[in-house]
Amino acid sequence: MKHIKQIQSHLIVSGTLTDPYATGKIIAFCAISNNGDLNYSHHLFRHLPNPSTFIWNTMIRAFSERNQSIKAFSLYKQMLEFGLSPNNYTFSFVLKACTDLTDAFGGTEAHSQIVRLGWESYDFVQNGLIHMYANCNCIGSARKLFDISSNRDVISWTAMVSGYVKSRQIGNARSMFDKMPERNAVSWSAMITGYVQEGLFKEGLELFNEMQLAGFQPNHAGIVGALTACGFLGALDQGRWIHAYVNRNRIELDRILGTALIDMYAKCGCIETAQQVFNEMPDRDVFAFTSMISGLANHGRSQSAIELFVKMREDGVKPNEVTFICVLSACSRMGLVEEGLEFFRSMNEVFGIEPGVEHYGCLVDLLGRAGMLDEAKRLVREMPMEPDSYVLGALLHACRMHGDVELGKETVESLVERSLDHGGVHVLLSNMYASADRWEDVAKVRKEMENKSVKKVPGCSLIEVDGVVCEFVAGDRSHILMEEIISVLLLINNQLKFLRFDDEMVVEQIPL
């Protein structure tokens, strides 16, 4: 900037500052280069008597790339008012701004101008339109443009996959992904992210492995998606491999990636490693602190979780709604009633956060675990919103813990009134009656479950074997049955060879 200002001074002295080429280069340097100054370039731009289309495009691009999309679109409107005609480069930057703002109306305005001026045939303009409509939840419009496009490339295909993912149409996204004639790391990552967002963690992790077998290096988004899947599946070995990949390739441990690693290690039971990743992060935001607090609380280290919350405030990081859920849960596990009530009060009084139903649920759980059932019941009645299944479930759990059968029955009735009575609720009430030797009431609850066709969801567990995650459901004997069948076949015919692929047994005939 020091040198560019010297050049600008020379142009002023020589009287050539009004030369559009020279001035355009100065503005471009200040606006776009890493060492530039966007505010300074905008100041120069505003004092130019007749800026060229190139200079307008430079400023629109700069604001769009600096995540100041509102300013970028405003400059585009000023350009039209100034009487200049935008070109194809103008619209590529304008459409990016509309995409970032999810402004379908502004994007449609730009689309009309594109058609009127005849720029719709340019590939990057078409891709920009498809991406804009897909990102603005106008997936139908995006698909129409995609279908009539004569030059579909990997960018337009990826835009459609991302659009379907954002619209929660994961089946259409996968169908589009499978039809892609060419893929890149972005398209693979978009599909992996879609699976993870829909809770299809096993499918997302399998696709991550396929991506590497296909010879693609995972990018930042793909790594974060895979780590999220590892955390939910408990796939620790694969998570460790991804962490080693990050270190080996010297990928920056930014806030998003660091938080994903913390969350993965915490959910996989390695809280010490999660703490180590947290300490190594150069820049920690509210999400990193919240993830670490949650992990500590879930591993029974509630005191450490509360201490970290205090440190978070000392570091000037403002907690959010989820942070308080984690802190209140930590207080509940330790029975710190006074501290929990103080944290709850500070939400609104100190941080201006209005407590939600989840926070009231944590408070009910805190009071219930401490045996303060009357206070918990009063809190449920005085809540400013309707209690949900979590709030009433916390109260029901406290009733069972302290043997208050009547309040438990009343709570179950409240759940039934709100159609929140799943199988576990009735089973819990039945167990409460059994603990109190009220066997007639046990029979009534079981009979009511039978009449309503209410069934308890069977327990499910996941294990990781050689990097493959296997799921098992309580009472499922399919694997045992298959093993028995194969044992009989082995006895009958020794010409059979058996190959195991994950959970499937494949029988292959070997010729004599």
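Residues numbered from 1 in each chain as written. Predicted model: local features only at pLDDT ≥ 70, side-chain atom pairs only at ≥ 80, totals over all residues. Heavy atoms only, no water.

Peer 1: So what exactly am I meant to see when it comes to the overall build of the protein chain here?
Peer 2: Scanning the protein chain from terminus to terminus reveals 28 helices and four strands. By the burial criterion, 44% of the 512 residues in the protein chain qualify as buried. A total accessible area of about 26900 Å² is found for the protein chain, and carbon and sulfur atoms account for 53% of it. (Helix = DSSP H or I, 4+ residues; strand = E, 2+ residues; numbered from the N terminus. Buried < 20%, exposed > 50% of the residue type's maximum accessible area, 1.4 Å probe, protein only. Areas by Shrake-Rupley, 256 points an atom, 1.4 Å probe, with all protein chains shown as cover.)

Peer 1: What exactly am I supposed to notice about the environment of Ala 235 here?
Peer 2: Locating Ala 235 in the fold gives a position in the loop between α14 (220-233) and α15 (236-248). With a relative accessible area of 0%, Ala 235 lands in the buried category. Each C-alpha atom of the pair Ala 235 and Tyr 265 lies 9.7 Å from the other, and the pair is 30 residues apart in sequence.

Peer 1: Looking at this structure, how should I read the UniProt feature "repeat: PPR" (unreviewed entry) in the protein chain?
Peer 2: The UniProt feature table records "repeat: PPR" (unreviewed entry) at residues 52-86, 153-183, 184-218, 285-319 and 320-355. Along residues 184-218, the helical share is 74% and the strand share 0%, with 10 Å between the first and last C-alpha atoms. End C-alpha atoms of residues 285-319 are separated by 9 Å, and the span's content is 74% helix alongside 0% strand. (UniProt positions renumbered as here; feature names shortened; annotations may be inferred.)

Peer 1: Sorry if this is basic, but what is going on with unusual backbone geometry here?
Peer 2: Peptide bonds are, in most cases, trans, and in most cases residues other than glycine have a negative phi. Even without a glycine there, the phi angle at Thr 102 is positive, about 45°. You can see Thr 102 is positioned in the loop between α6 (88-101) and α7 (104-117). With a phi angle near 65°, Arg 168 is a residue other than glycine that sits in the positive phi range. By relative accessible area, which is 54% here, Arg 168 ends up exposed.

Peer 1: Can you walk me through the side chain of Asn 320 in this structure?
Peer 2: The topology assignment puts Asn 320 in the loop between α19 (302-314) and α20 (321-334). A residue is classified by how much of its surface remains accessible, and Asn 320, at 17% relative accessible area, is buried. Side-chain polar atoms of Asn 320 contact the backbone nitrogen of Val 322, separated by 3.1 Å. A polar side-chain atom of Asn 320 sits 2.7 Å from a polar atom in the side chain of Thr 323. Among all residues touching Asn 320, those that are not within four sequence positions of it are Val 286, Phe 287, Thr 290 and Ile 353. (Polar contact = N/O pair within 3.5 Å; in protein donor to acceptor, adjacent residues only side chain to side chain. Contact = heavy atoms within 4.5 Å.)

Peer 1: Which parts of the structure should I look at to understand helix α17 (residues 271-280)?
Peer 2: Every α-helix carries 3.6 residues per turn, so stepping three or four residues along brings you back to the same face. Taken as a whole, α17 has its buried residues at Ile 271, Ala 274, Gln 275, Val 277 and Phe 278. Angular distribution of buried residues about the axis of α17 spans 160°; they occupy a single face of the element. At its buried positions, α17 is contacted by α15, α16 (255-267), α18 (286-298) and α19. (Arc of directions from axis to C-beta.)

Peer 1: Any chance you could explain the pattern of salt bridges here in plain terms?
Peer 2: Going through the model one piece at a time under the given rule, you end up with twelve salt bridges. The salt bridge involving Arg 143 is made with Asp 147; its shortest N-O contact spans 3.0 Å. With Arg 143 and Asp 147 both in helix α9 (residues 139-148) and four residues apart, the pair spans about one turn of that helix. (Salt bridge = Lys/Arg side-chain N within 4 Å of Asp/Glu carboxyl O.)

Peer 1: Any chance you could explain the packing of α19 against α20 here in plain terms?
Peer 2: For any two helices packed against each other, one specifies the crossing angle of their axes together with the interaxial distance. Running from N to C, α19 and α20 cross one another at 145°; their axes reach a closest spacing of 8 Å. The interaxial crossing formed by α19 with α20 has left-handed handedness. When α19 is examined against α20, the residues Ser 302, Gln 303, Ala 305, Ile 306, Phe 309 and Met 312 are found in contact with a partner set consisting of Thr 323, Phe 324, Val 327, Ala 330, Cys 331, Arg 333 and Met 334. Counted by class, the contact of α19 with α20 contains nine nonpolar, three polar and one charged residues. (Axes fitted to C-alpha atoms, helices over the stretch in contact; angles between N-to-C directions. Left-handed = near helix turned anticlockwise from the far one by under 90°. Nonpolar A, V, L, I, M, F, W, Y, C, P; charged D, E, K, R; others polar.)

Peer 1: Just checking my understanding: could you explain the packing of aromatic side chains for this structure?
Peer 2: Under the definition given, this model contains 17 aromatic pairs. Seen in terms of ring centroids, Trp 241 and Tyr 245 are 5.7 Å apart; in terms of plane orientation they differ by 20°. Their pairing is stacked. Of this pair, Trp 241 and Tyr 245 both sit in helix α15, four residues apart, which is roughly one turn of the helix. Judged by its relative accessible area of 7%, Tyr 245 is buried. Three or more aromatic residues link up through ring pairs in this structure, and these residues are Tyr 89, Trp 119, Tyr 122 and Phe 124. (Phe/Tyr/Trp six-rings, centres within 6.5 Å; stacked < 30°, edge-to-face > 60°.)

Peer 1: Would you explain a nonpolar patch on the surface in this entry?
Peer 2: A grouping of Tyr 89, Tyr 122 and Phe 124 is seen on the molecular surface, where their side chains present a nonpolar patch of about 300 Å² in accessible area. Using a relative accessible area of 48% as the deciding quantity, one classes Tyr 89 as partly exposed. (Patch = residues over 30% accessible without salt bridge, like charges linked within 9 Å, V, L, I, M, F, W, Y side chains within 5 Å.)

Peer 1: Just checking my understanding: could you explain the side chain of Asp 365 for this structure?
Peer 2: By the secondary structure assignment, Asp 365 is in helix α22 (residues 357-369). Within the structure, Asp 365 has its side chain in polar contact with the side chain of Arg 369 (distance 2.9 Å). Residues in contact with Asp 365, not counting those within four places in the same chain, are Ser 332 and Ala 394.

Peer 1: What am I meant to see in the packing of α7 against helix α8 (residues 123-135) here?
Peer 2: Taken N-terminus to C-terminus, the directions of α7 and α8 make an angle of 155°; their axes are 11 Å apart at the nearest point. In terms of orientation, α7 lies roughly antiparallel with respect to α8. In terms of crossing hand, the pair formed by α7 and α8 is left-handed. Residues Gly 107, Thr 108, His 111 and Ile 114 of α7 touch α8, and the partners they reach there are Val 125, Leu 129, Met 132 and Tyr 133. Grouping the constituent residues of the contact of α7 with α8 by class yields five nonpolar, three polar and no charged. (Parallel < 35°, antiparallel > 145°, perpendicular 65-115°, else oblique.)

Peer 1: Can you walk me through the layout of surface pockets in this structure?
Peer 2: Its boundaries defined by the atoms lining it, the largest pocket holds a volume of some 320 Å³. Those elements that place two or more of their residues in the lining of the largest pocket are α6, α8 and α10 (154-166). When its residues are assigned to classes, the lining of the largest pocket shows six nonpolar, eight polar and two charged. (1 Å grid on protein atoms, 1.4 Å probe; cavity = no way out; pocket = protein on both sides within 12 Å on 5 of 7 lines; lining within 4 Å. Points joined across faces, edges and corners; volume = space filled by probe spheres on them.)

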